[in-house]
Amino acid sequence: VQLQASGGGPVQAGGSLRLSCALSERTFRRTVMGWFRQAPGKEREFVATISLSDGNLLYADSVKGRFTISRDSAKNTVYLQMNSLKPEDTAIYYCVADGTIIRSSWSIAAQYDYWGKGTLVTVSS
């Protein structure tokens with residue numbers, strides 16, 4: 001199982017970016033996919049997750065109202081639309097996936113079995 005993320009890059013504060021992540025194969029019907037991020041000198045942080053099967057989703061409070069996660073289940077792909085970006089959103093964004101994680105653990109990094117290599121988002125002020 002591989003995750004291929006794309007869409008990062010530099011952007012000015014207030015701008016938008018869209019990240020994409022494709023899962024090479026879906027071995028579990030209840031697969032969820034999402035995003036974590038890690039800023040320089042900080043711990044990895046949950047961003048958002050969505051269920052490929054029913055579309056249920058979860059956001060971190062820090063991105064609610066600015067970021068939108070969506071999915072194309074037929075393509076095993078998720079998207080993260082990031083609007084109103086702030087310098088504090090600067091981080092490496094990691095795509096994650098798991099087929100057995102329970103909803104109460106969706107925000108816990110250690111519960112995800114599959115991780116992409118990460119894509120850098122740099123927001124300048």
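Here is what the cut-offs are and how they apply
All chains use their own residue numbering, which begins from 1 and follows the written sequence. Local features in this predicted model are restricted to residues whose pLDDT is 70 or higher, and side-chain atom pairs enter the listing and the counts only when it is 80 or higher, whereas totals over whole chains, interfaces and linings include all residues. With hydrogens and water set aside, each side-chain value is computed from the structure's full complement of heavy atoms. For this text, the term disulfide refers to a pair of cysteine sulfurs within 2.5 Å. The helix count covers DSSP runs of H or I at least four residues long, the strand count covers runs of E at least two residues long, and both are numbered beginning at the N terminus. The buried label applies to any residue whose accessible area, calculated with a 1.4 Å probe on protein chains only, is under 20% of its type's maximum; exposed applies above 50%, and partly exposed to all values in between. For two strands to count as paired, DSSP must find a minimum of two bridges between them. Remark: nonpolar core denotes a set of buried residues (Ala, Val, Leu, Ile, Met, Phe, Trp, Tyr, Cys) joined through side-chain atoms within 4.5 Å. Residue contacts follow a heavy-atom distance rule, with two residues in contact if any of their heavy atoms lie within 4.5 Å. A 1.4 Å probe that fits but cannot get out identifies a cavity on a 1 Å grid over protein atoms alone, an open set with protein on both sides within 12 Å along at least five of seven lines counts as a pocket, and a residue lines either if it has an atom within 4 Å of a point. Grid points are joined across faces, edges and corners, and a volume is the space filled by probe spheres set on the points. Charged means Asp, Glu, Lys or Arg here, nonpolar means Ala, Val, Leu, Ile, Met, Phe, Trp, Tyr, Cys or Pro, and polar covers whatever is left, Gly included.

### Considerations on the state of the cysteines
Inference 1: All told, the structure shown has one disulfide when counted by the stated rule.
Inference 2: The side chain of C21 participates in a disulfide bridge whose partner is C95; the two sulfur atoms lie 1.9 Å from each other. What sets the handedness of the C21 and C95 disulfide is the S-S torsion sign, and at about -90° it is left-handed. Pair noted here: C21 is in strand β3 (residues 17–23) and C95 is in strand β9 (residues 91–98), with a separation of 74 residues, a long-range link.

### Quick look at the pairing of β3
Inference 1: Across the seven residues of β3, five count as buried, placing the element largely inside the fold.
Inference 2: Where strand β1 (residues 3–6) and β3 come together, four bridges link them in antiparallel fashion. Paired with S6 across the bridge in β3 is S20.
Inference 3: Sheet topology note: the β3/strand β8 (residues 77–82) ladder contains six bridges and is antiparallel. In the sheet register, L19 faces β8, and the bridge partner there is L80.

### Regarding unusual backbone geometry
Inference 1: Even without being a glycine, N76 presents a positive backbone phi close to 50°.
Inference 2: Tracing the chain through its elements places N76 in the loop between β7 (67–72) and β8.
Inference 3: Of note, the phi angle at S84 is positive, near 50°, even though the residue is not glycine.
Inference 4: When its relative accessible area of 41% is taken as the criterion, S84 is described as partly exposed.

### A look at the nonpolar core
Here is a general trend for soluble globular proteins: nonpolar side chains tend to be buried in one another's company.
Inference 1: In terms of nonpolar packing, the biggest core is built from 36 residues, with M33, W35, V47, F67, L80, M82 and Y93 touching the most fellow members.
Inference 2: Take this core: its biggest share by element is five residues, from β9.
Inference 3: Residues in contact with L80, not counting those within four places in the same chain, are L17, R18, L19, W35, V47, A48, F67, T68, I69 and Y93.

### Focus on the pairing of β9
Regular strands show a simple pattern: their side chains alternate between the two faces of the sheet.
Inference 1: The buried fraction of β9 amounts to seven of the eight residues, a majority that puts the element mostly inside the structure.
Inference 2: Two strands pair when backbone bridges link them, and strand β4 (residues 32–38) and β9 are joined in this way by seven bridges, in the antiparallel orientation. Considered in β9, the bridge of W35 is made with C95.
Inference 3: Bridge count between β9 and strand β10 (residues 114–115): two bridges; the pairing is antiparallel. Along β10, the bridge assignment pairs A97 with Y114.

### Examining empty space enclosed by the protein
Inference 1: The full count for this structure, using the stated rule, is one cavity of 30 Å³ or more.
Inference 2: By volume, the largest cavity is sized at about 50 Å³.
Inference 3: Along its surface, the largest cavity is lined by V1, L23, E25, R26, T27, F28, T31, A97, D98, G99 and Y114.
Inference 4: Its residues assigned to classes, the lining of the largest cavity comprises five nonpolar, three polar and three charged.

The values are spatial; any link to function lies outside them.
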